[in-house]
Amino acid sequence: MNTFNPAFDASRPGSGAEDAPAATTTTVVLRHARLVEPLDAADTSPPPLAASSAPVHLPDAVGEPPLVRRLLIGGALLFLTAFLFVPLVAVFVQAFAKGWSVYVAALVDADALSALKLTLIAAVIAVPLNLVFGVAAAWSIAKFDFRGKNVLLTLIDLPFSVSPVIAGLIYVLIFGLQGWFGEWLRDHDVKIIFAVPGIVLATVFVTCPFIARELIPLMQAQGQDQEEAARVLGASGWQILWRVTLPNVKWALLYGVILCNARAMGEFGAVSVVSGHVRGQTNTLPLHIEILYNEYQFAAAFAVASLLAALALVTLVLKFVVEQRAKSEEAVAVTIVGVKA
């Protein structure tokens, strides 16, 4: 291999080649290394991926195969059909089994109208009371820290864990003739058990968690920023409640009222214990249906039951409407926030 370096030509006098043989050798080797690449050097870099127009479908980590999904959906629909749709259809079929005249006669009967009236009275009294209690309890639990907060939460959930029959029995033991206040109530001619007040008390007890339990999680999630800002701007407590807090929870509040009303009209266990089953006086619609069925008046029993079923369907429709309105307003709010951002 011939490599010529003018800077170190040995034929030139005074070039100093004889004084720096090592430098000459090093320069030749370095220049040779720059010109010639080593043949045995391995290229460890990964080859470029080929561009592909087809999308890459990765397996879903939380998904299920189509067959499993169809089986699950089919099983759920089968369960709903067997335990919800078929009994609901059977109620209306049996109600009209003997004709329209028998159906109407069962609904306009004096005892049926009295039971309907008492059911509405209990619901009209119980729902507003639970509305006030639910808003106050949710406001206190979500916005303030105080001693006994967990105890209050436990007491709100008590009707969910105690049987309604036990709740009715508790009222009998407290306000009954042999109860704690029985003699005093008798001396002052005040009737609670086996009368309308006892039915209202039992209805209030079994329906008290619904509104509070709808409001508490939402108020806790919203926090206190808006209330604190309103307070800084000079708003009073009532102004904050009416103009800041309640507008933010209006759909949850309405949702809780709907559920509370549905439970109030359909309550059976606690009301059955405290009512005394006085026909035409202390029977609500569920109790009247039981009496008709026990007397083998099946057409009349199913006719009155169809009225309760219709009320339940109306409740479901209202519940669906409220949910859709809440979702639409939430979507609009999210869109507005995105535009401002």
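For the structure itself, consult the block above.
On a predicted model such as this, the values are computed, not experimentally measured, just so you know.

Draft legend 1. Layout of a nonpolar patch on the surface. A cluster of nonpolar side chains, contributed by I73, L77, F79, L80, F83, L84 and F85, occupies part of the molecular surface with about 730 Å² of accessible area. Relative to the assigned elements, F83 resides in helix α2 (residues 66-95).

Draft legend 2. Just helix α12 (residues 237-248), in detail. The terminal C-alpha atoms of α12, which comprises 12 residues, lie 16 Å apart, in line with the 16 Å expected from a rise of 1.5 Å per residue. Turning to α12, its buried residues are I240, L241, V244, T245 and L246. The inward-facing, buried residues of α12 contact α4 (110-143), α10 (209-222), α11 (225-232) and α13 (250-266).

Draft legend 3. Just the side chain of T119, in detail. Mapped onto the elements of the fold, T119 is located in helix α4. A polar atom in the side chain of T119 sits 2.9 Å from the backbone nitrogen of L285. Excluding residues within four positions of it along the chain, T119 makes contact with M265, T284 and L285.

Draft legend 4. Looking closely at the packing of α4 against helix α5 (residues 149-156). One can describe the packing of α4 onto α5 by two numbers: an axis separation of 11 Å at closest approach and a directional angle of 150 degrees. Between α4 and α5, the angle falls in the class roughly antiparallel. Considering the relative orientation of α4 and α5, their crossing is left-handed. Taken together, the residues of α5 that come into contact with α4 (itself represented by F133, A137 and I141) are K149, L152, L153 and I156.

Draft legend 5. Representation of the side chain of T284 in the model. You can see T284 is positioned in the loop between α14 (269-275) and α15 (285-294). Ignoring anything within four residues of it in the chain, the contact list for T284 reads A115, L118, T119, I199, E267 and V271.

Rules used throughout
Each chain carries its own residue numbering, running from 1 in the written order of its sequence. Where local features are concerned, this predicted model is filtered to residues with pLDDT of at least 70; where side-chain atom pairs are given and counted, the filter is 80 or more; whole-chain, interface and lining totals use all residues. For the side-chain quantities, the full set of heavy atoms in the structure was used; hydrogens and water were omitted. Residues enter a patch when their relative accessible area is above 30% and they make no salt bridge; the linking distance is 9 Å between like charges and 5 Å between nonpolar side chains (Val, Leu, Ile, Met, Phe, Trp, Tyr). The Shrake-Rupley method, run with a 1.4 Å probe sphere, supplies the accessible areas, and residue values consider only the shown protein chains as cover. When a carboxyl oxygen of Asp or Glu lies within 4 Å of a side-chain nitrogen of Lys or Arg, that pair is called a salt bridge. Numbering of helices and strands starts at the N terminus; helices are DSSP runs of H or I of at least 4 residues and strands are runs of E of at least 2. Here the expected span of a helix is defined as 1.5 Å times the quantity of residues minus one. Classification of residues uses two cut-offs on accessible area relative to the type maximum, computed with a 1.4 Å probe and protein chains only: under 20% is buried, over 50% is exposed, and between them is partly exposed. We call two residues in contact whenever any of their non-hydrogen atoms come within 4.5 Å of each other. Two N or O atoms form a polar contact when they lie within 3.5 Å of each other; inside protein one atom must be a possible hydrogen donor and the other a possible acceptor, and for residues adjacent in sequence the pair counts only when both atoms belong to side chains. Angles shown run from 0 to 180 degrees and are taken between the N-to-C directions of axes, each axis being a line fitted to C-alpha atoms and, for helices, limited to the stretch in contact. Angles below 35 degrees are treated as roughly parallel, those above 145 as roughly antiparallel, those between 65 and 115 as roughly perpendicular, and all remaining angles as oblique. Left-handed is the label given to a crossing in which the near helix is rotated counterclockwise from the far helix by less than a right angle, and right-handed is the label when the rotation is clockwise.

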